[in-house]
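Tertiary structure, described
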Amino acid sequence: MKKAYQFRIYPTKNQEVKLNRTLSTCRHLYNESLEERRRESELNNLERDFGVCPWGKPHWIKYEDQQNELPLSKTPYQKEVFSQVLQNVLKRLDISFKNFYRGNGYPRFKGMNRYNTFTYPQKGFGIEDGKLNLSKIGCIRIFLHRDIEGNIKTCTIKKDVDQWYVIFTTEIEREIKNIPVETIIGIDVGLKSLLTLSNGEQIEPPKFLRISEDKLVREQRKLSKKKLRSNNRNKQRIKVARVHRKIRNQRKDFAHKTSRMLVDHFDRIVFEKLQIRNMVQNHCLAKSISDAGWGQLQTFTEYKAEEAGKQAEFVIANGTSQECCICGNKEIMTLADRTFRCSKCGSIKDRDHNAAINIENRSIGTDCTEFTPVEIEPILCR
Ligand SMILES: [Zn+2]
């Protein structure tokens, strides 16, 4: 079983310079390697379309090619970074490409504020005398607020606006006894940070979360009015990022508490499968924030359930709001309709409650292993 632990770290001014430089070096490597892969595929397409190719046969750059190339052509900056950290950057790019082959978007170049983490995948880090020792960076003060269970496998450093964190992932070997399923609950997630359970209960997020969400909209609006590339704009950008962080932390806290409650009370928890693709394409800010939060709640519930020998299940929830949970009759519902009235069996229920029951009804039990998409290799040209 895998587990992740996050701790805040407090680098000195000097260490912060090194951390920032490492991020920047990793980001450049990411972008350059992406450019390399992109150029190669363009040339390959040229061959496919016109039969001309600078090299005899089309060749697709793979992770291994870029990894082998790395030690031979290191820049002075790259020499200052632990080598496995650099390799991990290439790995990350490779994962983006694999996701692309599965149908997600083409990997994107990372701008200045879009690259915030780097990872020591095996070694080069350790905790000594209550400090985090990072190879090529130094011993950083760390606040270890909880014990770490299991062997630490990877160490990721994360920059969050003006704060730094370390995330350890650990592997724990433990026998988990599966609990027989006696209680099942279905959960409908709403747009307005509201959860509806199939037993009719509703869980409201804490009020301060709403307050922060409103504040974000205000600050974001201010940002859009600032002049491009001005000093004021940059200041406002940091302000917005801070509100973002606050919301993230508040949501995380809410997700932790809610998932704990769910796992303590129910043996199988059924969620709707979120459509990640729609999430990314959705430009509505409130919606994207709330979806991101729901993803987190699902992840937390999933691992807490696993630890407890219980089940979290994800079902496809298309049309759960339009379907009667008692007789299956379909009604036309607009977003404004808050009550579901069935014209066939006469059932009257709150819209979200009806949807939550439908989600529960779609549970098939997690014993049926879910179909996972096979890794699709890029289609080679003739
Ligand atoms: Zn009905």
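So, a few notes on the structure that sits alongside this text. (Residues numbered from 1 in each chain as written. Predicted model: local features only at pLDDT ≥ 70, side-chain atom pairs only at ≥ 80, totals over all residues. Heavy atoms only, no water.)

A word on the overall build of the protein. For the protein, the helix and strand inventory stands at 9 helices and 14 strands. In the protein, which comprises 382 residues, the proportion classed as buried is 40%. A separation of at least 24 residues holds for 68% of the contacts in the protein among residues at least 6 apart in sequence. (Helix = DSSP H or I, 4+ residues; strand = E, 2+ residues; numbered from the N terminus. Buried < 20%, exposed > 50% of the residue type's maximum accessible area, 1.4 Å probe, protein only. Contact = heavy atoms within 4.5 Å.)

This part is about a positive patch on the surface. On the surface, Lys-215, Arg-218, Arg-221, Lys-225, Lys-239 and Lys-246 cluster together into a patch of positive charge. Taken together, the elements giving at least two residues each to the positive patch come down to α5 (207-225) and α6 (231-265). Ranked by the residues each element gives to the positive patch, the list is headed by α5, at 4 residues. By secondary structure assignment, the location of Lys-215 is in helix α5. (Patch = residues over 30% accessible without salt bridge, like charges linked within 9 Å, V, L, I, M, F, W, Y side chains within 5 Å. Areas by Shrake-Rupley, 256 points an atom, 1.4 Å probe, with all protein chains shown as cover. Salt bridge = Lys/Arg side-chain N within 4 Å of Asp/Glu carboxyl O. Lys, Arg positive; Asp, Glu negative; His and termini not counted. Charge placed at Lys NZ, Arg CZ, Asp CG, Glu CD.)

In this section: the pattern of salt bridges. Where charged atoms from two side chains of opposite charge come close, those side chains can pair. In this structure the tally under the stated criterion is 17 salt bridges. Asp-162 serves as the salt-bridge partner of Arg-242, at 2.9 Å between the closest nitrogen and oxygen. Taken together, the residues Arg-242 in helix α6 and Asp-162 in the loop between β6 (151-160) and β7 (163-171) connect sequence positions 80 residues apart. Take Asp-162: its relative accessible area is 37%, and that puts it in the partly exposed class.

On to the packing of aromatic side chains, then. Aromatic rings in a pair are described by how distant their centres are and how their planes are angled relative to each other. A full pass over the atoms with the stated rule returns 13 aromatic pairs. Their ring planes at 85° and their centres at 5.5 Å tell us that Phe-97 and Tyr-106 sit as a pair that is edge-to-face. Given the relative accessible area of 4%, Phe-97 is considered buried. Residue Tyr-106 is classed as partly exposed on the basis of its relative accessible area of 32%. Residues Phe-300 and Tyr-303 carry aromatic rings whose centres are separated by 6.0 Å and whose planes lie at 75° to one another, so their mutual orientation is edge-to-face. Here the residue Phe-300 and the residue Tyr-303 both occupy positions in helix α8 (residues 285-307), the gap between them amounting to 3 residues, near one helical turn. According to the relative accessible area criterion, Phe-300 is buried, its value standing at 10%. (Phe/Tyr/Trp six-rings, centres within 6.5 Å; stacked < 30°, edge-to-face > 60°.)

A separate point is the coordination of the zinc ion. The zinc ion binds to the protein through Cys-324 (SG), Cys-327 (SG), Cys-342 (SG) and Cys-345 (SG); the donor distances cover 2.2 to 2.4 Å. Classification of the site at the zinc ion rests on its 4 donor atoms, whose angles at the metal span 107 to 117°, yielding the label tetrahedral. Read N to C, the donor residues that coordinate the zinc ion are spaced as C-x2-C-x14-C-x2-C. On the criterion of sequence distance, the pair formed by Cys-327 in the loop between β12 (311-315) and β13 (339-341) and Cys-345 in the loop between β13 and β14 (348-350) is long-range, its members being 18 residues apart. (Donors = N, O, S within 2.8 Å, 3.2 Å for Na, K, Ca; no water. Tetrahedral: all angles 85-135°; square planar, octahedral: opposite > 155°, others 65-115°.)

Okay, the pairing of β6 next. Two elements, strand β2 (residues 117-120) and β6, share 4 bridges in a ladder whose sense is antiparallel. From the neighbouring strand, Phe-118 faces β6, where its bridge partner is Ile-157. Relative to β7, β6 runs antiparallel, the two sharing 9 bridges. Across the sheet, the residue bridging to Thr-154 is Thr-169, located in β7. Following β6, the chain reverses through 2 residues before pairing antiparallel with β7; Val-161 in that reversal takes a positive phi of roughly 55°. (Pairing = 2+ DSSP bridges.)

Let us look at the packing of α5 against α6. Angle between the axes and distance between the axes are the two parameters that describe a pair of packed helices. Where α5 contacts α6, the two axes come as close as 9 Å, and the packing angle between them is 160°. As the angle between them shows, α5 and α6 are arranged roughly antiparallel. α5 and α6 meet at a crossing whose hand is left-handed. Residues Phe-208, Leu-209, Ser-212, Glu-213, Lys-215, Leu-216, Glu-219, Gln-220, Lys-222 and Leu-223 of α5 pack against Arg-233, Gln-236, Arg-237, Lys-239, Val-240, Val-243, His-244, Lys-246, Ile-247, Gln-250 and Arg-251 of α6. For the contact of α5 with α6, a count of residues per class yields 7 nonpolar, 5 polar and 9 charged. (Axes fitted to C-alpha atoms, helices over the stretch in contact; angles between N-to-C directions. Parallel < 35°, antiparallel > 145°, perpendicular 65-115°, else oblique. Left-handed = near helix turned anticlockwise from the far one by under 90°. Nonpolar A, V, L, I, M, F, W, Y, C, P; charged D, E, K, R; others polar.)

With that out of the way, let us pick up a nonpolar patch on the surface. Side chains of Ile-127, Leu-144 and Ile-152 sit close together on the surface and give an oily, nonpolar patch of about 200 Å² of accessible area. Mapped onto the fold, Leu-144 is located in the loop between β5 (138-143) and β6.

Another aspect to go through is the nonpolar core. Core analysis: the largest hydrophobic core is formed by 33 residues, its most contacted members being Phe-118, Tyr-120, Leu-134, Ile-157 and Val-166. Grouped together as the second largest cluster of nonpolar side chains are 19 residues, Ile-185, Ile-187, Ala-255 and Val-263 included. (Core = buried A, V, L, I, M, F, W, Y, C linked by side-chain atoms within 4.5 Å.)

Time to look at the environment of Thr-154. Within the secondary structure, Thr-154 is located in strand β6. Along the sequence, Thr-154 and Pro-121 sit 33 residues apart, while their C-alpha atoms lie 4.7 Å from each other. Thr-154 has contacts with Thr-119, Tyr-120, Pro-121, Phe-125, Ile-167, Phe-168 and Thr-169, leaving out every residue within four places of it along the chain. Here the side chain of Thr-154 touches Thr-169 through a polar contact of 2.5 Å, side chain to side chain. (Polar contact = N/O pair within 3.5 Å; in protein donor to acceptor, adjacent residues only side chain to side chain.)

Our focus in this paragraph is the environment of Leu-132. Checked against the element boundaries, Leu-132 lands in strand β4 (residues 131-134). For Leu-132, a relative accessible area of 0% translates into the label buried. When residues no more than four places from it in sequence are discounted, the contact partners of Leu-132 are Ile-9, Gly-126, Gly-138, Cys-139, Ile-140, Ile-142, Ile-157, Val-166 and Phe-168.

Turning our attention to the sheet that holds β12. On the basis of which strands lie adjacent, the open sheet formed by 5 strands has the order β10-β9-β8-β11-β12 and mixed pairing. If you trace the sheet from one side to the other, it starts and ends with β10 (202-203) and β12, each paired once. One ladder, built from 2 bridges, connects strand β9 (residues 195-197) with β10; its direction is antiparallel. Each residue of the ladder has a partner; that of Leu-195, found in β10, is Ile-203. Where helix α9 (residues 351-361) meets the sheet, its contacts fall on β8 (184-189), β9, β10, β11 (268-272) and β12, and the angle it forms with β8 comes to roughly 130°.

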